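Architecture and fold: a report
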Amino acid sequence: MIGVLVSGEGSNLQALIDEGLPIAAVASNRSDAPALVRAGAAGIPSAVFPLDQHASREERDEAMADWLAGLGVQWVVLAGYMHLLRPSFLERFPERVINVHPALLPQFPGTHAIEDALAAGVRETGATVHYVDEGVDSGSVIAQERVAVQEDDTVDTLRTRIQVVEHRLLPKVVRELCAR
Ligand code: GRF
């Protein structure tokens, strides 16, 4: 069973749902994440773990891991989850936490990958699915797909084309990993 962590729109969560993958639970750090509405519409249990309701990040991450494990989660997918995870979470799902990132890692880690790619003037960027460690987008790469940067690209147009790739790549990788 899969647990999905979200903070935002949840278009990648939707791609996983549409693929028919066995999602047992969706967790977020934000109660206002639109992704939670998608989880509800699909009948998937969801819960919010805001930092300000816990004594520390470690304690929050441990509570989130407890909740996911209690619902039978074995694989955790970060789909637009905007916080780093502490060892108190990662140690509960060793080598079983993955993330999708809108660049060809190790190029352009962090929260402004698309802006950074445009600012650097690269001719291609892409999408990466990778294992999660304690660092910022620093775990080993599982799969990547390239996206050409066009002369007239804005952050929005480039993001749209990268997300088309993400929505195909992430469900494919998750399906293959879960089948192991
Ligand atoms: C995706 O582009 C992903 O690469 C990045 O955050 C974005 C999340 O979008 N980590 P969504 O919430 O899945 O629509």
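Everything here concerns the structure above.
Residues numbered from 1 in each chain as written. Predicted model: local features only at pLDDT ≥ 70, side-chain atom pairs only at ≥ 80, totals over all residues. Heavy atoms only, no water.

Looking now at the packing of helix H5 (residues 113-120) against helix H6 (residues 155-178). Axes are the key here: two packed helices are described by the angle between their axes and the distance separating the axes. One can describe the packing of H5 onto H6 by two numbers: an axis separation of 10 Å at closest approach and a directional angle of 115 degrees. Along this stretch, H5 crosses H6, giving a crossing that reads as right-handed. Here Ile114, Glu115 and Leu118 of H5 lie close against H6, whose contacting residues are Val155, Leu158, Arg159 and Ile162. (Axes fitted to C-alpha atoms, helices over the stretch in contact; angles between N-to-C directions. Helix = DSSP H or I, 4+ residues; strand = E, 2+ residues; numbered from the N terminus. Left-handed = near helix turned anticlockwise from the far one by under 90°. Contact = heavy atoms within 4.5 Å.)

Turning our eyes to something else, we now look at the sheet that holds strand S6 (residues 124-131). Within the open sheet, the seven strands sit side by side as S3-S2-S1-S4-S5-S6-S7. Their pairing is mixed. The two strands at the open ends of the sheet, each matched to only one other strand, are strand S3 (46-48) and strand S7 (141-148). In this sheet, neighbouring strand axes are inclined to one another by 20 degrees on average, regardless of whether the strands run parallel or antiparallel. Where strand S1 (residues 2-6) and strand S2 (residues 23-28) come together, five bridges link them in parallel fashion. From the neighbouring strand, Val6 faces S2, where its bridge partner is Ser28. Contacts from H6 reach S1, strand S4 (75-78), strand S5 (97-101), S6 and S7 within the one sheet, and its direction differs from that of S7 by about 155 degrees. (Pairing = 2+ DSSP bridges.)

If you walk through the whole model with that rule in mind, you get ten salt bridges. One salt bridge connects Arg161 with Asp153, and the closest N-O pair in it is separated by 2.8 Å. On the basis of relative accessible area, Arg161 is assigned to the partly exposed category, the value being 24%. Among the ionic pairs, Arg159 bridges to Asp156, the shortest N-O distance being 3.4 Å. One end of the pair is Arg159 and the other is Asp156, both in helix H6 and three residues apart, which spans about a single turn. (Salt bridge = Lys/Arg side-chain N within 4 Å of Asp/Glu carboxyl O. Buried < 20%, exposed > 50% of the residue type's maximum accessible area, 1.4 Å probe, protein only.)

What follows deals with the site of the ligand. Every residue lining the ligand is accounted for by Gly8, Glu9, Gly10, Ser11, Asn12, Gly80, Val100, His101, Pro102, Gln163 and Glu166. Glu9 has a polar backbone atom sitting 3.3 Å from an oxygen atom of the ligand. Here Gln163 contributes a side-chain N or O atom positioned 3.1 Å from an oxygen atom of the ligand. Compared with its free state, where it exposes 370 Å², the ligand has 85% of that area covered by protein. Within the residue set of the shell around the ligand, elements represented by two or more residues are helix H1 (11-18), S5 and H6. (Near = heavy atom within 4 Å. Polar contact = N/O pair within 3.5 Å; in protein donor to acceptor, adjacent residues only side chain to side chain. Areas by Shrake-Rupley, 256 points an atom, 1.4 Å probe, with all protein chains shown as cover.)

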